[in-house]
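# Remarks on the overall topology
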Amino acid sequence: MPTEWTEYVAGLRTLRVTVGEPRLSVVMLHGRAMAPESLAPFATSLGMAADYFIPEGPVCEGPGHAWWPVDATCRRAMRAQGPRDLHAESPAGASSARAALLELLQHVKAQAPDHAVVLIGFSQGGMLACDALLRDHVRIDGLALLSSCRITAAEWEARRKAFHALPVLVSHGRTDAELSFAAGEALRDLCLRGGAAVTWVPFDGGHEIPLVVWRGIRRLLQELPVE
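A few words on the overall build of the protein. In terms of helices and strands, the protein carries seven helices and 10 strands. Its C-alpha radius of gyration of 16 Å places the protein within 12% of the 17 Å reference for a compact globule of 227 residues. Of all 227 residues assigned to the protein, the portion counted as buried reaches 53%. Put simply, 75% of the contacts in the protein that link residues at least 6 apart link residues at least 24 apart.

Our next topic: the sheet that holds strand S4 (residues 50-55). The strand order across the open sheet formed by eight strands is S1-S2-S4-S3-S7-S8-S9-S10, and the pairing between neighbours is mixed. Two strands close off the open sheet at either side, each with one partner strand: strand S1 (3-9) and strand S10 (197-203). Adjacent strand axes in the sheet meet at a mean angle of 15°, parallel and antiparallel pairs treated alike. In this fold helix H3 (residues 94-111) packs onto S1, strand S2 (12-19), strand S3 (24-29), S4 and strand S7 (116-122), with an angle of close to 160° to the strand it touches most, S3. Set on the sheet, helix H4 (residues 124-136) makes contact with S3, S7 and strand S8 (142-146); between it and S7 the angle comes to about 135°.

Side chains that differ in charge, positive against negative, can pair when their charged atoms come close. Counted under the stated rule, the structure contains 15 salt bridges. Note that Asp85 is salt-bridged to Arg150, the shortest N-O span being 3.9 Å. Of this pair, Asp85 sits in the loop between helix H2 (72-80) and H3 while Arg150 sits in the loop between S8 and helix H5 (153-158), and the two are 65 residues apart along the sequence. Judged by its relative accessible area of 28%, Asp85 is partly exposed. For Arg150, a relative accessible area of 16% gives the class buried. The residue Glu157 makes a salt bridge to Arg160 at a minimum N-O spacing of 3.4 Å. Overall, Glu157 belongs to the partly exposed group, its relative accessible area being 22%.

Calculation rules
- Numbering of residues begins from 1 in every chain and follows the order in which that chain's sequence is written.
- Per-residue local features of the predicted model are confined to residues with pLDDT of at least 70, and side-chain atom pairs are confined, for both listing and counting, to 80 or more; whole-chain, interface and lining totals are unaffected and use all residues.
- Heavy atoms from the whole structure form the basis of all side-chain values; hydrogens and water molecules are not counted.
- The helix and strand labels rest on DSSP assignments: H or I over at least four residues marks a helix, E over at least two residues marks a strand, and numbering proceeds from the N terminus.
- What the globule rule says is 2.2 Å times the number of residues to the power 0.38, and the radius of gyration is computed from C-alpha atoms.
- Exposure is judged per residue with a 1.4 Å probe applied to protein chains only, and the accessible area is read against the type maximum: over 50% gives exposed, under 20% gives buried, and values in between give partly exposed.
- Residues are treated as being in contact if the distance between any of their heavy atoms lies within 4.5 Å.
- We call two strands paired when DSSP finds no fewer than two bridges between them.
- Interaxial angles span 0 to 180 degrees and are taken between N-to-C directions of axes, which are lines fitted to C-alpha atoms, for helices over the stretch in contact.
- For this document, the term salt bridge refers to a Lys or Arg side-chain nitrogen within 4 Å of an Asp or Glu carboxyl oxygen.

Printed below as a string of structure tokens:
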């Protein structure tokens, strides 16, 4: 049976889920206005022996939390024009969110130095995961970017070689009303230009994590070399 508890890591309330005899460490980053508890059932449903770390973003946002603040008025204005692509945005608070994520990853690796480490981010969590990889060269063994997009695209482009040979899953819904499907394709293409081993999972749906993506993540975890 999975065990579940809460601890504070890098100043972040972090939901911990351990399944079986762990051979992997998986860090899952929620999206805007979400909570770690929304991802815990997804983690256990994968049926993979792993330690899951699901931190809570530091910013209160609606019913949940976020990794950096979002201007609600600006967001409403942009959404009125259709699904968004945030490639030109440089979010205030992204650097402090990266610092907390780096500290958390150091904790994860100290807990189990022999484990492969996978970083999974949904929506804003995917932006943070990618930003940390490209700017801070975090050492991970796999990456999943779910219903996400680029930010500070020109700077990411200049750092794209950090993707080299990394297994990366990119998923996006064709009818995503939050972040445009074209934005997801652009994120996929950036990973490809950087030399990542990309698995592209488009799906008929919106801003969500459907079964086809669940299968893709499970396959990503299964195919990682473990001790």
